[in-house]
Amino acid sequence: EILQKDEDASKKFLQLTDLAFEFRRSLPRQDVRGPVSINAFAQAPRLRNVSFETDMSPRPPMVALVLPWHQLERYSSHGGGDDALDHILLANPKDLVYLQYVVATFYTNVPKHPVAMPKLQVLRAQACDNASRLAELLDSLVLPSLVELQLRGGFTQEDCLFTKVKNLVVRSGCSLRKMELD
């Protein structure tokens, strides 16, 4: 609500290349129905690096972010949950090299078709709730430049995480140097 785009927002962020911001609910037990939308940074033609942080509280509201996703090189999200990964998978930024997505609730919809991210080198993802969706997402990714993979969450034996990771590496033809799974 505070960060909604106004008439002059496009003039304010023409030179912005790096953005780190937090969203904190003003009332700790506030019931929010539906997503909270933040679109103040949608018009930032030079924006390349974004770090977003929100509450890690139980049952957080989903945050809907509007950013120039197609031009990002680095994205980091840490908090309750947002729709950023959905946007990244749709926009498929050609120069994205780093993606960190640590959320309490994994809201992301798994794409029906493979998503190739040719330059992504580092993928760090963690989900407490809906971790099986995160595991399922691995079947849709092709990451030929991946050198570091970190996956954490409430995975179950049915998620077959180790098999999915092995298949991702084979499908992508990447040369992992560092891997952390739990």
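Along every chain, residues carry numbers that run from 1 in the direction the sequence is written. Only residues with pLDDT of at least 70 get local features here, since the model is predicted, and only at 80 or more are side-chain atom pairs given and counted; chain-wide, interface and lining totals rely on the full set of residues. No hydrogens and no water enter the side-chain calculation; it runs on all heavy atoms of the structure.

**Here we look at the overall build of the chain**
- By definition, any uninterrupted DSSP run of H or I lasting at least four residues is a helix, any uninterrupted run of E lasting at least two residues is a strand, and each is numbered from the N terminus. Scanning the chain from N- to C-terminus turns up 4 helices and 11 strands.
- Relative to its 182 residues, the chain shows a buried fraction of 46%.
- Note on contacts: a residue pair is in contact if any heavy atoms of the two residues lie within 4.5 Å. Here the contacts in the chain between residues at least 6 apart in sequence split such that 69% fall between residues at least 24 apart.
- Accessible surface, the chain as shown: approximately 9900 Å² in total, 50% of it carbon and sulfur. Categorising residues by exposure relies on relative accessible area from a 1.4 Å probe, with only protein chains included: less than 20% of the type maximum marks a residue as buried, more than 50% marks it as exposed, and the intermediate range marks it as partly exposed. For the accessible areas, the method is Shrake-Rupley and the probe is 1.4 Å, while residue cover comes only from the protein chains on display.

**Notes on the sheet that holds strand 5 (residues 74-79)**
- Strands pair, by our definition, only if DSSP identifies at least two bridges between them. Taken in spatial order, the 7 strands line up as 1-3-5-6-8-10-11 in an open sheet, and their pairing is parallel. The strands lining the two open edges of the sheet, one partner per strand, are strand 1 (18-23) and strand 11 (178-181). Put simply, the sheet's adjacent strands are angled 5° from each other on average, direction ignored.
- Bridge count for strand 6 (residues 98-105) against strand 8 (residues 122-129) is 7 bridges, and the pairing is parallel. Think of each axis as a best-fit line through the C-alpha atoms, taken over the contacting stretch in the case of a helix, with angles from 0 to 180 degrees between the N-to-C directions.

**Describing the pattern of salt bridges**
- Think of a salt bridge as a Lys or Arg side-chain nitrogen and an Asp or Glu carboxyl oxygen that are within 4 Å of each other. The final tally for this structure, using the stated rule, is 8 salt bridges.
- Between Lys94 and Asp95 there is a salt bridge, and its shortest N-O distance comes to 3.1 Å.
- Classification of Asp95 as partly exposed rests on a relative accessible area of 24%.
- For the salt bridge of Asp95 with Lys119, the shortest nitrogen-to-oxygen distance reads 2.8 Å. Here Lys119 lies in the loop between strand 7 (115-116) and strand 8 and Asp95 lies in the loop between helix 2 (84-91) and strand 6, a separation of 24 residues in the sequence.
- With relative accessibility at 41%, the residue Lys119 sits in the partly exposed group.
- One connected set of salt bridges, linked through shared partners, spans Arg152, Lys178, Glu180 and Asp182.

Functional significance is not addressed by these values, which are geometric in nature.
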